[in-house]
Amino acid sequence: MSYKNFPMVPRIIFGRGSLNQINEVLAPKRLSINAPFIFLIDDVFKSNIWLTSRIQLSYGDRIIFVSSKEEPKTSQVDELVEDIILTSKERPSGIIGIGGGTLLDLAKAVSIMLTNNGEAKDYQGWDLVKNPAIYHVGIPTISGTGAEVSRTTVLTGPEKKLGINSDFTPFDQVILDSELTKGVAKNQWFYTGMDCYIHCIESLTGTYLNAFSESYGNMALDLCKQVFLEDNLSEVDAQEKLMMASWHGGMSIVYSQVGVAHAMSYGLSYLLGTKHGIGNCIVFNHLEEFYPEGVKLFKKMIEKHNIVLPQGVCADLNDREFDTMINIALGLEPLWENALGKNWKKIMTPQKLKSLYQKM
């Protein structure tokens, strides 16, 4: 029996206002006055002095504001890498991602591609990265994706939506400042929080489950229930608990995997550009057959928070478009094996998958 030797985030700061320490965290990591720090920040913070004023730019340091309206693409990573190489005198000292899952995934991917030849699409898959990434820091401003702790960076490429899964992907440093999550729109808060909840359900009911994944998954699930079903938390407590749920939910799939909802959501995202959190919710709402208890609780949460999910997103698709989604989803073999076991292909046929998509 051979066990995988997974890396974990080696350094983490947790606490409200901890973003204030960003400059002292980065200072010892500067390689030279010609090696800048590059900050990739969600452009919703473009005029947010409350956040940006805490970042002290020195020498050739830069802030690049990036839109998170679309899921991150391999072509976008390549463009950012080219821009950084052309405008920096030396290889950067580090990449800092500030935002939700999109910005965190972009920061991880850019840090990898600055030290590896070729294009980002060449590294979509498992353990294809040869050289260690440059120093990279993750600072989430919304909770749920688990991107701050995972060993993948999920990208939409020309042929597939798939992560760069590697030992070099996880951040070298994470700053968890729950104060940064204030002001998130309610729907966005819910959809991203449900990404975490669905991580837990898929991990805890999967065939890959072991004590490592189970312990983290149960902690994250309990925190999600507190945040989304109970009424006794202060706003600050709810923000901090959801931030920790996201962390534990991400950790729960380190030695496990996600399942049906994530696989199908990747298909929706690739074809329709559906954002990850809402895509998971649209799909999970129809998966009673696979996750009866999980879906039942999910529907309670939807009702409690008065969330209206989009309907009929697949109503006008033709057969070719359905086939595209089906091929993307079925290409994620580890997810299906975790969800349905080694004989998953006999259970989840293309016809069965199409009938599920047609419900959406």
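Structure shown above.
On a predicted model such as this, the values are computed, not experimentally measured, just so you know.

Q: Help me understand helix H7 (residues 235-252), please; the structure alone is not making it clear to me.
A: Since one α-helical turn is 3.6 residues long, residues separated by three or four positions face the same way. With 18 residues, H7 extends 25 Å between its outermost C-alpha atoms, agreeing within 8% with the 26 Å of an ideal straight helix rising 1.5 Å per residue. Among the structural elements, strand E1 (11-14), strand E6 (136-140), strand E9 (173-176), helix H5 (186-204) and helix H6 (211-229) are those in contact with the buried residues of H7.

Q: Would you mind going over the packing of helix H11 (residues 319-330) against helix H14 (residues 350-358) with me for this structure?
A: In a pair of packed helices, the angle between the axes and the distance between the axes together describe the arrangement. Two numbers describe how H11 lies on H14: the axes approach to 10 Å, and their chain directions differ by 115°. For the element pair H11 / H14, the angle class is roughly perpendicular. Between H11 and H14 lies a crossing whose hand is right-handed. Listed contacts from H14 to Asp 319, Phe 322, Met 325, Ile 326, Ala 329 and Leu 330 of H11 are Pro 350, Leu 353, Lys 354, Tyr 357 and Gln 358.

Q: How do you make sense of the environment of Tyr 3 when you look at a structure like this?
A: Mapping Tyr 3 onto the fold places it in the segment before E1. A residue is classified by how much of its surface remains accessible, and Tyr 3, at 63% relative accessible area, is exposed. In this structure the C-alpha to C-alpha distance between Tyr 3 and Lys 108, which are 105 residues apart in sequence, comes to 25 Å.

Q: Where do I start with H11 in this structure?
A: Here H11 contains 12 residues, and its C-alpha end-to-end distance of 16 Å stays within 8% of the 16 Å for a straight helix at 1.5 Å per residue. All of the buried residues along H11 are Phe 322, Met 325, Ile 326, Ile 328, Ala 329 and Leu 330. Elements in contact with the buried residues of H11: strand E8 (161-165), helix H8 (260-272), helix H12 (333-340), helix H13 (344-347) and H14. Backbone nitrogen of Arg 320 and a side-chain oxygen of the N-cap are separated by 3.1 Å at the start of H11; the cap is Asn 318.

Q: Sorry, what's going on with the pairing of E8 here?
A: Within a regular beta strand, the side chains point alternately toward one face of the sheet and then the other, so they alternate between its two faces. Most of E8 sits out of view: 5 of its 5 residues are buried. Here strand E5 (residues 125-126) pairs with E8 via 2 bridges, running parallel. Its bridge partner being in E8, Gly 125 is matched across the sheet by Ile 164. One ladder, built from 3 bridges, connects strand E7 (residues 154-156) with E8; its direction is antiparallel.

Q: Would you mind showing me how to read the state of the cysteines here?
A: A disulfide bridge is the covalent bond that connects two cysteines by way of their sulfur atoms. One pass over the full model with this rule turns up 0 disulfides. Of the cysteine sulfurs around Cys 200, a residue in no disulfide, the closest is that of Cys 196, at 4.5 Å. The closest cysteine sulfur to the non-disulfide-bonded Cys 281 is located on Cys 224, 11 Å from its own sulfur.

Q: What exactly am I supposed to notice about the packing of aromatic side chains here?
A: The relation between two aromatic rings is expressed through the spacing of the ring centres and the mutual angle of the planes. Under the counting rule described, the total for this entry stands at 10 aromatic pairs. Summarising the aromatic geometry, the rings of Tyr 197 and Phe 284 are spaced 6.2 Å apart at their centres and angled 90° between planes, so their arrangement reads as edge-to-face. Of this pair, Tyr 197 sits in helix H5 while Phe 284 sits in helix H9 (residues 276-284), and the two are 87 residues apart along the sequence. Under the relative-accessibility criterion, Tyr 197 is labelled buried at 0%. For Phe 284, a relative accessible area of 0% gives the class buried. A ring pair is formed by Phe 212 and Tyr 255, whose centres lie 5.3 Å apart and whose planes are at 70°; its orientation type is edge-to-face. A residue pair is termed long-range when its members are at least 10 positions apart, and Phe 212 in helix H6 and Tyr 255 in the loop between H7 and H8 qualify at 43 residues. When its relative accessible area of 29% is taken as the criterion, Phe 212 is described as partly exposed.

Cut-offs used in this document
Residues numbered from 1 in each chain as written. Predicted model: local features only at pLDDT ≥ 70, side-chain atom pairs only at ≥ 80, totals over all residues. Heavy atoms only, no water. Helix = DSSP H or I, 4+ residues; strand = E, 2+ residues; numbered from the N terminus. Expected span 1.5 Å × (residues − 1). Contact = heavy atoms within 4.5 Å. Axes fitted to C-alpha atoms, helices over the stretch in contact; angles between N-to-C directions. Parallel < 35°, antiparallel > 145°, perpendicular 65-115°, else oblique. Left-handed = near helix turned anticlockwise from the far one by under 90°. Buried < 20%, exposed > 50% of the residue type's maximum accessible area, 1.4 Å probe, protein only. Polar contact = N/O pair within 3.5 Å; in protein donor to acceptor, adjacent residues only side chain to side chain. Pairing = 2+ DSSP bridges. Disulfide = S-S within 2.5 Å. Phe/Tyr/Trp six-rings, centres within 6.5 Å; stacked < 30°, edge-to-face > 60°.

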